[in-house]
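Read off the chains here:
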Amino acid sequence: MTFPTAPENYSPTPDLLRGKTILVTGAGDGIGRAAALAYAAHGATVILLGRTESKLERVYDDIEASGGPKPALVALDLATATEDNIIHLASGLAQEFPHLDGLLHNASILGERRPIESASYASWLDVMQVNVNAQFLLTRYMLPLLQRAPTASIVFTSSGVGRTGKAYWGAYAVSKFATEGFMQVLASELENTSRVRVNSLNPGATNTAMRRTAYPGEQPTDNPAPEEIMASYLYLMGDDSCGVTGRAFNSR
Ligand code: NAP
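Residues numbered from 1 in each chain as written. Predicted model: local features only at pLDDT ≥ 70, side-chain atom pairs only at ≥ 80, totals over all residues. Heavy atoms only, no water.

*Asks:* Any chance you could explain the overall build of the protein chain here in plain terms?
*Replies:* The secondary structure content of the protein chain amounts to 7 helices and 7 strands. The order of α-helices and β-strands along the protein chain, N terminus first, is β-α-β-α-β-α-β-α-β-α-β-α-α-β. Over its C-alpha trace the protein chain gives a radius of gyration of 17 Å, about what one expects of a compact globule, namely 18 Å for 252 residues. By principal-axis analysis of the C-alpha atoms, the protein chain measures approximately 50 × 40 × 40 Å. When the 252 residues of the protein chain are sorted by exposure, 54% land in the buried category. When contacts within the protein chain are restricted to residue pairs at least 6 apart in sequence, those whose partners lie at least 24 apart make up 74%. When the accessible surface of the protein chain is summed, it comes to about 11700 Å², and 51% of that surface belongs to carbon and sulfur atoms. (Helix = DSSP H or I, 4+ residues; strand = E, 2+ residues; numbered from the N terminus. Rg over C-alpha atoms; globule rule 2.2 N^0.38 Å. Buried < 20%, exposed > 50% of the residue type's maximum accessible area, 1.4 Å probe, protein only. Contact = heavy atoms within 4.5 Å. Areas by Shrake-Rupley, 256 points an atom, 1.4 Å probe, with all protein chains shown as cover.)

*Asks:* Would you mind going over the environment of Gln129 with me for this structure?
*Replies:* One can find Gln129 in helix H4 (residues 121–147). Judged by its relative accessible area of 23%, Gln129 is partly exposed. Excluding residues that lie within four positions of it along the chain, Gln129 makes contacts with Leu78, Ala79, Ala81 and Ala134. Looking at Gln129, its side chain comes within polar contact range of the side chain of Asn133, at 3.1 Å. (Polar contact = N/O pair within 3.5 Å; in protein donor to acceptor, adjacent residues only side chain to side chain.)

*Asks:* Can you help me understand the packing of aromatic side chains in this one?
*Replies:* How two aromatic rings sit relative to each other is given by the distance of their centres and the angle of their planes. This structure, assessed with the given rule, holds 5 aromatic pairs. Centre to centre, the rings of Tyr10 and Tyr235 are 5.3 Å apart; their planes meet at 75°, and the pair counts as edge-to-face. Pair noted here: Tyr10 is in the segment before strand E1 (21–25) and Tyr235 is in helix H7 (residues 230–237), with a separation of 225 residues, a long-range link. A relative accessible area of 15% means that Tyr10 is categorised as buried. (Phe/Tyr/Trp six-rings, centres within 6.5 Å; stacked < 30°, edge-to-face > 60°.)

*Asks:* Can you walk me through the site of the ligand in this structure?
*Replies:* Residues in close proximity to the ligand total 32 residues, the closest being Thr52, Lys55, Asn106, Tyr172 and Thr208. At 2.8 Å, a side-chain N or O of Lys55 approaches an oxygen atom of the ligand. Put simply, the parts of the chain that give the shell around the ligand at least two residues each are helix H1 (30–41), helix H5 (170–190) and helix H6 (209–214). Ranked by residues supplied to the shell around the ligand, first place goes to H6 with 3 residues. (Near = heavy atom within 4 Å.)

*Asks:* Would you explain the pattern of salt bridges in this entry?
*Replies:* Any two side chains of opposite charge can pair, so long as their charged atoms come close to each other. A full pass over the atoms with the stated rule returns 7 salt bridges. Between Asp239 and Lys20 there is a salt bridge whose closest N-O contact spans 3.0 Å. Taken together, the positions of Asp239 in the loop between H7 and strand E7 (248–250) and Lys20 in the segment before E1 put the pair 219 residues apart, joining distant regions of the chain. According to the relative accessible area criterion, Asp239 is partly exposed, its value standing at 38%. Given a relative accessible area of 9%, Lys20 falls into the buried group. Its salt-bridge partner being Arg114, residue Glu112 comes within 3.4 Å of it at the nearest N-O pair. Judged by its relative accessible area of 35%, Arg114 falls in the partly exposed class. One network of salt bridges, with partners in common, ties together Arg33, Asp62 and Glu227. (Salt bridge = Lys/Arg side-chain N within 4 Å of Asp/Glu carboxyl O.)

*Asks:* Any chance you could explain the sheet that holds strand E6 (residues 196–202) here in plain terms?
*Replies:* Two modes of strand pairing occur in sheets, parallel and antiparallel, and in both the strands are linked by backbone hydrogen bonds. If you trace the 7 strands from one edge of the open sheet to the other, you get E3-E2-E1-E4-E5-E6-E7, paired in parallel fashion. Sheet topology places strand E3 (72–75) and E7 at the edges, where each strand pairs with a single neighbour. Averaged over all pairs of adjacent strands, the angle between their axes in this sheet comes to 20°, without regard to strand direction. The sheet contact formed by strand E2 (residues 45–50) and E3 spans 4 bridges and is parallel. Residue pairing for E3: Leu49 is matched across the bridge by Val74. Contacting E2 and E3, helix H2 (residues 53–65) crosses the sheet at an angle of about 170° to E3. Sheet contacts for H7: E1, strand E4 (102–105), strand E5 (152–157), E6 and E7; angle to E6, the most-contacted strand, approximately 170°. (Pairing = 2+ DSSP bridges. Axes fitted to C-alpha atoms, helices over the stretch in contact; angles between N-to-C directions.)

*Asks:* I would appreciate a short explanation of the pairing of E4 in the present structure.
*Replies:* One face of the sheet, then the other: side chains in a regular strand alternate in exactly this way. Of the two faces of E4, the one lined by Gly102 and Leu104 and the one lined by Leu103 and His105 are each fully buried. Bridging between E1 and E4 involves 3 bridges; their strand directions are parallel. The residue of E4 that forms the bridge with Leu23 is Leu103. Summarising the sheet, E4 and E5 pair through 4 bridges and their orientation is parallel. Bridge pairing links Leu104 to Val155 in E5. Regarding topology, H4 serves as the crossover connection from E4 to the parallel E5, and that connection is right-handed. (Right-handed = clockwise from strand over helix to strand, strands pointing away.)

Next up, the structure:
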């Protein structure tokens, strides 16, 4: 099966995201960090959400040093965040921002990689909490702010093992199938009733901490750096993808 990508040689304008406010989860490291920097470099005010405050502060400083719009910082552990925490976050953001133009669901954990027959239930729950339940809560309570924007984009992060199941990928793979299903349900609900588009994106093998953990035998530099796969992240977040919804993208 082939999946769409951003248009070939897609070249976003420097001000693609000017005036937009975009929430990125897992913004302190890896692909989320690169996306936050790329969005800010194209004019967006980025809300940096993640669990390690010191990493978010470094991204914040990098954005400020590069002259991007002043970001916002939300230190929140999605493994323990409650519904009340997310409601509180949404109401705080609604006081600060008139609308939300983008939501990149990027934060995920890998969990155990082992056969189902010996998998631990505790690890299964941890993965579902971060990779699925937190996405639900954030989506559910950010939707009113997203619906206030002239156009808005929700991007879910998928994986190859969320499109074809693979032995030993356990809860992570199942969480990514759930992510694809969530994307389809939401896109279908919003398609004719709002200006919010909803898509999923599989970054593909990318040189990050998660990838190095999942594939310790790989030469890390054989995979692209997160900064090298940003065309599709920009395409899906900017107005060039208006009208595109309910689709499962690959970054390349
Ligand atoms: P990564 O390097 O491990 O980064 C994940 C980010 O999510 C980190 O900033 C991490 O925070 C944050 N995070 C994890 N648990 C969190 C929690 N409980 N609360 C808040 N933030 C949390 O992973 P990555 O490779 O960039 O992956 C990004 C996305 O791409 C994930 O959805 C992953 O499944 C997907 N993906 C990656 C690849 C790949 O080859 N890299 C391939 C397919 C799909 P800390 O920095 O504090 O740990």
